[in-house]
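Take a look at the letters that make up each chain.
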Amino acid sequence: MSKIVHHQPTMSSVELVGLINAMREPGRAELAHSDFMKRIEKHPGVVAGNFSGYYTAANQKKNPCYHLPKREAELMVMSESLAVQTKVYDRLAEIEAAAVPAPRARITADPALSAFRQARAIEIAAKIAGGICDRFPSLSVAAQQVIYAKLVNPAAGTEVLALPTLDQATKSATEIGAELGISSAMVGRISNAYGLKVPEFGIFVLDKSRSSNKQVESFRYNAAGAKRVAELAAKGAQP
């Protein structure tokens, strides 16, 4: 008989005989392994040759045996007492549990690689922020800081760039127009005609276009800017 490597938990015929004899009723003769081997080979539900192997006896001699999967092992003790069947069932459960592979340990990420990837992500985010600021050169310093912070901080996973704190409140052309009873377009025309879109009167920020999804430069007026627009509108300024 040639030994076959099995890919499922098995119980040897030697161990089965040991369990049977240990659980047999008092006074009943022990089962010889050679007799049990014959029983296996005669059993219609067992293809014995598929489970053949060897075991080393007490005299160090190699003797033939069988390594039976769960189904075949249980079939071979069906004629035994309920106590024997229970013992075999419990032992097979132990073998199955021991054969379950341990969960694979999670691979710990290489700290150096993680740091490199994060640095790369920050570099890319900063490059994108720089590109946006280059496209809109009129943006205020505060607006540029907001762009960098909004892009770089998520890539870094922490607040490496703080959002700027505005020293004063600002208003959009729409808000000023609503206060003065004129359109935002009129506010814009007055502002352009009299050169009000300067740091003295407000800041340029990046905003969403009202007519599309594009980002555009938008001027927000500080208190002095709002006051100057109001003065010019009250004088009936014609842009």
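Residues numbered from 1 in each chain as written. Predicted model: local features only at pLDDT ≥ 70, side-chain atom pairs only at ≥ 80, totals over all residues. Heavy atoms only, no water.

Chemist: Which residues make up the overall build of the protein, and what are the values?
Modeler: Broken down by element type, the protein carries 9 helices and 5 strands. Put simply, the protein runs from its N terminus to its C terminus through helices and strands in the order β-α-α-β-β-α-α-α-α-α-α-β-β-α. When burial is assessed residue by residue, the protein has 31% of its 239 residues classed as buried. In the protein, once contacts between residues fewer than 6 apart in sequence are set aside, the share between residues at least 24 apart is 55%. Looking at the protein as shown, the accessible area adds up to about 15500 Å², and 56% of this sits on carbon and sulfur atoms. (Helix = DSSP H or I, 4+ residues; strand = E, 2+ residues; numbered from the N terminus. Buried < 20%, exposed > 50% of the residue type's maximum accessible area, 1.4 Å probe, protein only. Contact = heavy atoms within 4.5 Å. Areas by Shrake-Rupley, 256 points an atom, 1.4 Å probe, with all protein chains shown as cover.)

Chemist: Break down the nonpolar core for me, with residues and values.
Modeler: As a rule of thumb, nonpolar side chains are buried together in soluble globular proteins. With 18 residues, the main nonpolar core has Leu 16, Phe 36, Leu 68 and Val 88 as its most contacted residues. Of all the elements in the fold, those that place two or more residues in this core are helix H1 (13–23), helix H2 (33–42), strand E3 (62–69) and helix H4 (82–99). Within the second largest apolar cluster, 12 residues are counted, among which are Ile 176, Ile 190, Phe 204 and Tyr 221. (Core = buried A, V, L, I, M, F, W, Y, C linked by side-chain atoms within 4.5 Å.)

Chemist: Now, about the sheet that holds E3: what can you tell me, with residues and values included?
Modeler: Taken together, 3 strands build an open sheet; the order of strands is E1-E3-E2 and the sheet is antiparallel. Two strands in the sheet have a free side with no partner beyond their single neighbour: strand E1 (10–12) and strand E2 (52–56). Each strand axis lies, on average, 40° off the axis of its neighbour in the sheet, ignoring direction. Here E1 pairs with E3 via 3 bridges, running antiparallel. Bridge pairing in E3 places Met 11 opposite Leu 68. The sheet strands contacting H2 are E2 and E3, and the helix crosses E3 at an angle near 45°. (Pairing = 2+ DSSP bridges. Axes fitted to C-alpha atoms, helices over the stretch in contact; angles between N-to-C directions.)

Chemist: Please provide a residue-by-residue account of the pairing of E3, values included.
Modeler: In terms of burial, E3 is largely enclosed, as 6 of its 8 residues are buried. When E2 meets E3, the two strands line up antiparallel, connected through 5 bridges. Counterpart to Gly 53 in the pairing with E3 is Cys 65. In sequence, E2 turns back onto E3 through a hairpin of 5 residues, with Gln 60 there showing a positive phi of about 65°.

Chemist: If you had to explain the pattern of salt bridges to someone new, which residues and values would you point to?
Modeler: Inspection of every chain in the model, using the stated rule, returns 9 salt bridges. Its salt-bridge partner being Arg 91, residue Glu 15 comes within 2.5 Å of it at the nearest N-O pair. Placement of the pair is Glu 15 in helix H1 and Arg 91 in helix H4, with a sequence separation of 76 residues. Judged by relative accessible area, which is 27%, Arg 91 ranks as partly exposed. Measuring nitrogen to oxygen at the nearest pair gives 2.8 Å for the salt bridge that ties Glu 179 to Lys 171. A residue is classified by how much of its surface remains accessible, and Lys 171, at 31% relative accessible area, is partly exposed. (Salt bridge = Lys/Arg side-chain N within 4 Å of Asp/Glu carboxyl O.)

Chemist: Tell me about the packing of H1 against H4, and please be specific about residues and values.
Modeler: Taken N-terminus to C-terminus, the directions of H1 and H4 make an angle of 140°; their axes are 9 Å apart at the nearest point. The angle between H1 and H4 falls in the class oblique. H4 is crossed by H1, and the crossing has right-handed handedness. Touching Glu 15, Leu 16, Leu 19, Ile 20 and Met 23 of H1 are Ala 83, Val 84, Lys 87, Val 88, Arg 91 and Ile 95, all from H4. Within the contact of H1 with H4, the residues separate by chemical class into 8 nonpolar, no polar and 3 charged. (Parallel < 35°, antiparallel > 145°, perpendicular 65-115°, else oblique. Left-handed = near helix turned anticlockwise from the far one by under 90°. Nonpolar A, V, L, I, M, F, W, Y, C, P; charged D, E, K, R; others polar.)

Chemist: I'd love a proper account of the packing of aromatic side chains, names of residues and values included.
Modeler: Enumeration according to the criterion identifies 2 aromatic pairs in this entry. By way of ring pairs, the aromatic residues Phe 204, Phe 219 and Tyr 221 are connected into one cluster. (Phe/Tyr/Trp six-rings, centres within 6.5 Å; stacked < 30°, edge-to-face > 60°.)

Chemist: Give me a nonpolar patch on the surface: which residues, what numbers.
Modeler: A surface patch of nonpolar side chains, about 230 Å² in accessible area, is lined by Ile 124, Ile 128 and Leu 151. Residue position: Ile 124 is located in helix H5 (residues 111–135). (Patch = residues over 30% accessible without salt bridge, like charges linked within 9 Å, V, L, I, M, F, W, Y side chains within 5 Å.)

Chemist: Please provide a residue-by-residue account of the environment of Arg 135, values included.
Modeler: If you trace the backbone, Arg 135 turns up in helix H5. On the accessibility criterion, Arg 135 (62% relative accessible area) is exposed. Each C-alpha atom, one on Arg 135 and one on Val 216, is 9.8 Å from the other, the two residues being 81 residues apart in sequence.

Any functional reading would require information beyond the geometric quantities listed.
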